[in-house]
Amino acid sequence: MFITFEGIEGSGKSAMLELCRALLASLGRRTLQTREPGGSPLGVRLRELLLNVENSRIIPEAELFLYLADRAQHVREVIRPALETGLDVLSDRYADSTVVYQGYGRGLDIENLFQLNDLAVQGLWPDLTLVLDLEVETGLQRAIKRNRAQGLTEKEGRFEAEALDFHAKIRAGYRAWTERHPGRIKLVDATGSREEVFARIEPWLRGLMAGCP
Ligand code: TMP
């Protein structure tokens, strides 16, 4: 199974990914946990370029192709081989991030982004995508606190530094994109405790497992 986690900054993707991984492991499934950008050795270097606040002059098209390069390498080198050996892959962000951030956020054409993503991933789309939905103010406060705690303010703050209305566009973009793919993408209310949010996710996960070897 291939499951991706999406949402605005601070929406709790990583925590939900970890709870899903623990549930799958407790049921005897082997998992691979990964993320974008930065899920391959090349991707680690691209992540540094993409999230560094000093690179704020990067134009939307250049940003797009760096994300696609990260993803193409990630799929070919990490995700596909893992799926082929029977692992469940859980990724913190994937192709939908590009449609939402570079499309709904930066204004690039959504249909083009879908086609370019499809090329980068060679047709590999997730079985399930969970979009964690939260007020942007709440998410950003959490993200800034986390970055400070991890000492990331200097290096990885480029997106957190965007204006509030950019993040509002991202949240609205996720909701609009989810409506266009109701089968694969599920919108999850990310308010409340970790346990409460996970309880909303668990039925999707179990439903998917029921249909997977
Ligand atoms: P994160 O790993 O902390 O979630 O941060 C990654 C940032 O990169 C986040 O602000 C969203 C952004 N991003 C894009 O703009 N496009 C993409 O395709 C991906 C994967 C991430």
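Residues numbered from 1 in each chain as written. Predicted model: local features only at pLDDT ≥ 70, side-chain atom pairs only at ≥ 80, totals over all residues. Heavy atoms only, no water.

## A word on the pattern of salt bridges
Just so we agree on the cut-off: Think of a salt bridge as a Lys or Arg side-chain nitrogen and an Asp or Glu carboxyl oxygen that are within 4 Å of each other. Helix and strand labels come from DSSP, where a helix needs a run of H or I of at least four residues and a strand needs a run of E of at least two; each type is numbered from the N terminus. Relative accessibility under 20% of the residue-type maximum defines a buried residue, over 50% an exposed one, and the middle range a partly exposed one, all with a 1.4 Å probe and only protein chains included.
Evaluated as defined, the whole model comprises 13 salt bridges. Measuring nitrogen to oxygen at the nearest pair gives 2.5 Å for the salt bridge that ties aspartate 88 to arginine 29. Of this pair, aspartate 88 sits in strand S3 (residues 88–92) while arginine 29 sits in the loop between helix H1 (13–26) and strand S2 (31–35), placing them 59 residues apart in sequence. Note on accessibility: aspartate 88 and arginine 29 belong to one class, buried. Here aspartate 96 and arginine 184 are joined by a salt bridge, their closest N and O atoms 2.8 Å apart. Placement of the pair is aspartate 96 in helix H4 (residues 95–105) and arginine 184 in the loop between helix H7 (164–180) and strand S5 (185–189), with a sequence separation of 88 residues. Here aspartate 96 and arginine 184 have matching classes, each one buried. Members of the salt-bridge network, linked through shared partners, are Asp133, Glu135, Arg171 and Arg175.

## Examining the pairing of strand S1 (residues 2–7)
In plain terms, the rule: Pairing between strands is defined by DSSP: at least two bridges between the two strands are required.
Within S1, 6 of the 6 residues are buried, which leaves the element mostly enclosed by the surrounding structure. The alternating pattern of S1 places Phe2, Thr4 and Glu6 on one face and Ile3, Phe5 and Gly7 on the opposite face, and all of these are buried. When S1 meets S3, the two strands line up parallel, connected through 4 bridges. Across the sheet, phenylalanine 5 pairs through a bridge with aspartate 92, a residue of S3. Judged from the 5 bridges that link them, S1 and strand S4 (residues 128–133) form a sheet pairing that is parallel. Of the residues in S4, the one forming a bridge with phenylalanine 5 is leucine 130.

## Concerning the site of the ligand
The following threshold applies: Nearness of a residue to a molecule or strand requires only that one of the residue's heavy atoms be within 4 Å of it. The accessible surface values rely on the Shrake-Rupley method and a 1.4 Å probe; as for residues, cover is taken only from the protein chains in view.
Taken together, 14 residues lie around the ligand, and Glu9, Tyr67, Arg93, Thr98 and Gln102 are the ones closest in. Here the ligand loses 94% of its free accessible area of 480 Å² to cover by the protein chains. Secondary-structure elements contributing two or more residues to the shell around the ligand are helix H2 (41–51), helix H3 (60–84) and H4.

## Quick notes on the packing of aromatic side chains
For clarity, the threshold we go by: The criterion for an aromatic pair is that two Phe, Tyr or Trp rings (for Trp, the six-membered ring) have centres within 6.5 Å, with stacked assigned to planes under 30 degrees apart, edge-to-face to planes over 60 apart and tilted to the rest. We call a charge positioned above a ring when the Lys NZ or Arg CZ atom is no farther than 6 Å from the ring centre and deviates by at most 35 degrees from the ring normal.
Considering all chains together, one arrives at 5 aromatic pairs under this definition. Between the aromatic rings of tyrosine 101 and tyrosine 174, the centroid separation amounts to 6.4 Å while the plane-to-plane angle is 80°, which identifies the pairing as edge-to-face. Remark: tyrosine 174 occurs in helix H7 and tyrosine 101 occurs in helix H4; sequence separation between them is 73 residues. Considered together, tyrosine 101 and tyrosine 174 belong to a single accessibility category, that of buried residues. What links up through ring pairs into an aromatic cluster is the set Tyr101, Phe166 and Tyr174. Here the basic side chain of arginine 71 rests over the ring of tyrosine 94, its NZ or CZ set 5.8 Å away from the ring centre.

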